[in-house]
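Now for the letters of each chain:
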There are 2 protein chains.
Amino acid sequence: MTSCPLPTPPSRYPAVTLAHGGGGTLTGDLIRRIFLPAFGAPTPTLRDAAPVPGATDPARLVLTTDSHVVRPIEFPGGDIGKLSVTGTVNDLLVSGARPLALTAGFILEEGLPLETLRRIVDSMAAEAASIGVPVLTGDTKTVERAGDPPGLYINTAGLGELVIDPPPAPENIVPGDAILLTGDIARHGMAVMGARHDLAFAEPLASDCANLAPPLLDLYSSGIPVHAARDPTRGGVGGALCELAAASGHDFEITEQTLPILPPVRTACDLLGFDPLYVANEGCALLLVPAPSVPAALDLLRRHPATAQTTPIGRVLSPSPSPTVLSLTALGTRRRLTPPPGEQLPRIC
Amino acid sequence: MTSCPLPTPPSRYPAVTLAHGGGGTLTGDLIRRIFLPAFGAPTPTLRDAAPVPGATDPARLVLTTDSHVVRPIEFPGGDIGKLSVTGTVNDLLVSGARPLALTAGFILEEGLPLETLRRIVDSMAAEAASIGVPVLTGDTKTVERAGDPPGLYINTAGLGELVIDPPPAPENIVPGDAILLTGDIARHGMAVMGARHDLAFAEPLASDCANLAPPLLDLYSSGIPVHAARDPTRGGVGGALCELAAASGHDFEITEQTLPILPPVRTACDLLGFDPLYVANEGCALLLVPAPSVPAALDLLRRHPATAQTTPIGRVLSPSPSPTVLSLTALGTRRRLTPPPGEQLPRIC
């Protein structure tokens, strides 16, 4: 007979078992050993839900959610933990919101080494702390292992508060708006591709995985109008532009030569047959601003490391019943961009 | 050359492919065919995050998250879609909050029939609509199939607003508090067990999967103090009581004969060797109220169908450095309940 609240600490398992997701002492053990040291103590008064600090205006709250299934779970420039924070935070930011809080839902595959889980969770916590957004509450489930090696899925939902009025949205786009791109493209997709298939690129490629909180919050508080914003993740810059054009009802035009792309990334894309316009990014944004605001926007964004490369890549043309994104290629030809049916690389984020 | 925003509608796939999670036109197809008809149109002005309606006091917001991995995904009395709504809504409710909004993150296994997905999503939407809580925003990812048949995981995060002050929390528990249980126990676990292993029970068992919004919101607005509340899901009533006792620093005492349990559920537990005290529930709550408030609480709760069977099952004893849950068994003996290491059935919710 043992006493209820003070069970013998379970022996230290080296890897996740199905029982770690059972909500009992083994789940508690994960929480005490891995989650609490990373994310901090839970609130003393609530167990099933946690109070949200820092909200000021209930009419300006926004919610988002993103599940992350990237494989491999660790790759040059990031890991599924960091990505689960930056992805959701960037979704709030491009919606015009300051991130207030995140939730974390873990689905762990049986056999995942606890040391791997600890690295992922620590990475997640470090990224959240660098942004100043708390991971307020979490949940842990376990499932049988699907692949080799065992991995995990992370859902992060995010609560934010709008800080720019009107918030960026395709409906605000007008002819003449400039299309700015805040960083070089296709790095995330090619870095994950290289890590997944153990490709020995001549120069190592690292994902651009990063949060855009400092530059975008600075931009929103500057008074510079931002008509629309989008993070070109799955489907890349090409997919995001097609979506924005369709949602706004305007034709767009871009000049491909203006798109920043690192030489090794271009080489990798060429060799492997990927169009960099459609390769996923995880640390840049497309921002549509009125033409007269471009100098001020560039000046502000280029002062931030995450957006130091910001450059105009195109502009919004006239309204159209059949909105098209026209791309001027390096060869001087024009191509219409088509929305991708799916991601060229499955499980990219 | 095709135009950007009006691609040829993709052919009707009968089942999920990895490309359905790529964020392109196939993901859009799922959204248009399955998610929008169920959950309604997204907000016109925001795409990556959705505004939250109905919040009034930013100081009283709470967040929760829950991933659902139950297998099979459909079982008597519910399915993973309904469960993903009731589970998260009940977590908000037992924290003292009115649910304001949910998010839905889907991870779909390749090969999941779209008709199955539609049934699950429709069930989720119907449950959310019955509570009056919107599913505001979602995300879809795809992964390779892990088992047979292919299934899905659903994360739901929930935002709520506290409606009782102080909110229920173990810290409020005092000696003499009555422990109420709002329904019969062990039905969810045994129903899922039966469905998973195709057991032919003499009488069919259905999960108790249900949301507790009507009775708990009624209780919170009644003025009756609720010192603590917990939904005894994974780990069952026994696990939840051990957690509450430990968190409160008090000994508890329950009388096992007072626990409502349907005869076929008891028979199934006996035959299969499960202790019903530790079998998962998905539609009942443990409520700790001051002894003088018991008659009023019972009167109120028994008027609601979901809590019509509410009954006192025990009481809080004195503070203890080593809190124990003592159970008086049907045989007249006493046993100390121990917290379970894991759930007896993996993937129960």
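Residues numbered from 1 in each chain as written. Chains lettered and ligands numbered in written order. Predicted model: local features only at pLDDT ≥ 70, side-chain atom pairs only at ≥ 80, totals over all residues. Heavy atoms only, no water.

## Some points on the packing of helix α2 (residues 80–94) of chain B against helix α3 (residues 114–131) of chain B
Residue and element names in this part refer to chain B.
1) Next: At their nearest, the axes of α2 and α3 sit 6 Å apart, and the two run at 35° to each other. The hand of the α2/α3 crossing is right-handed. Across the interface between the two elements, I80, G81, K82, S84, V85, T86 and V89 of α2 pack against I120, S123, M124, E127, A128 and I131 of α3. (Axes fitted to C-alpha atoms, helices over the stretch in contact; angles between N-to-C directions. Helix = DSSP H or I, 4+ residues; strand = E, 2+ residues; numbered from the N terminus. Left-handed = near helix turned anticlockwise from the far one by under 90°. Contact = heavy atoms within 4.5 Å.)

## Looking at the relation of the copies chain A and chain B
Between the two copies of the chain lies a relationship made up of a rotation around an axis and a movement along it.
1) Next: Note on the copies: chain A fits chain B at an RMSD of 0.0 Å, the axial shift is 0.0 Å, and the rotation between them is 180°. The transformation just described matches what one would write down for a two-fold rotation axis. Closest approach to the rotation axis among the C-alpha atoms of chain A is made by A146 of chain A, whose C-alpha sits 2.2 Å away.
2) Next: Here 99% of the interface residues in chain A have copies in chain B that are interface residues too; the copies meet face to matching face. (Least-squares fit on C-alpha atoms with pLDDT ≥ 70 in both.)

## Let's talk about the domain arrangement of chain A
Residues and elements named next belong to chain A.
1) Next: Split into domains, chain A comes out as domain 1 (46–162) and domain 2 (170–337).
2) Next: Relative to domain 2, the C-alpha centre of domain 1 lies at a distance of 24 Å.
3) Next: With 21 residues of domain 1 at the contact, the number on the domain 2 side is 20 residues.
4) Next: Counting the surface lost from both domain 1 and domain 2, the interface buries some 1600 Å², and carbon and sulfur atoms represent 65% of this.
5) Next: Counting the surface domain 1 buries against domain 2, the share from its top three residues, N90, L93 and V94, is 32%.
6) Next: Across the domain 1-domain 2 interface, the total number found is zero salt bridges.
7) Next: Inspection of the region where domain 1 meets domain 2 yields seven residue pairs in polar contact (both at pLDDT 80 or more).
8) Next: Mapped onto the side of domain 1 that touches domain 2, the elements with two or more residues apiece are α2 (80–94), β5 (97–109) and α3 (114–131).
9) Next: For the side of domain 1 that touches domain 2, a count of residues per class yields 10 nonpolar, six polar and five charged. (Domains from an automatic or database assignment. Buried area = accessible area lost by both parts, 1.4 Å probe. Salt bridge = Lys/Arg side-chain N within 4 Å of Asp/Glu carboxyl O. Polar contact = N/O pair within 3.5 Å; in protein donor to acceptor, adjacent residues only side chain to side chain. Nonpolar A, V, L, I, M, F, W, Y, C, P; charged D, E, K, R; others polar.)

## Section: unusual backbone geometry
1) Next: For the bond running from R71 of chain B to P72 of chain B, omega is 0°, close enough to zero to count as cis.
2) Next: A cis geometry characterises the amide bond from D165 of chain B onward to P166 of chain B, with omega recorded as -5°.
3) Next: Looking at the secondary structure, you find P166 of chain B in the loop between β7 (152–162) and β8 (178–181).
4) Next: Positive phi, normally seen in glycine, also occurs at D198 of chain A, with a value near 55°.
5) Next: Looking at the element boundaries, D198 of chain A is found in the loop between α4 (187–196) and α5 (213–221).

## Some details on the interface of chain A and chain B
1) Next: Residue-level contacts link 91 residues of chain A with 91 residues of chain B.
2) Next: For the pair chain A and chain B, the summed buried surface comes to about 6900 Å²; carbon and sulfur atoms form 60% of the total.
3) Next: For the pair chain A and chain B, the interface holds eight salt bridges.
4) Next: Here R71 of chain A and E144 of chain B are joined by a salt bridge, their closest N and O atoms 3.2 Å apart.
5) Next: Taken together, chain A and chain B are joined by 28 residue pairs in polar contact (both at pLDDT 80 or more).

## Remarks on empty space enclosed by the protein
1) Next: Applying the stated criterion to the full structure yields five cavities of 30 Å³ or more.
2) Next: Approximately 80 Å³ is the volume found for the largest cavity.
3) Next: Surrounding the largest cavity, 14 residues form its lining, G21 and G22 of chain A together with P346, R347 and I348 of chain B being those nearest its centre. (1 Å grid on protein atoms, 1.4 Å probe; cavity = no way out; pocket = protein on both sides within 12 Å on 5 of 7 lines; lining within 4 Å. Points joined across faces, edges and corners; volume = space filled by probe spheres on them.)

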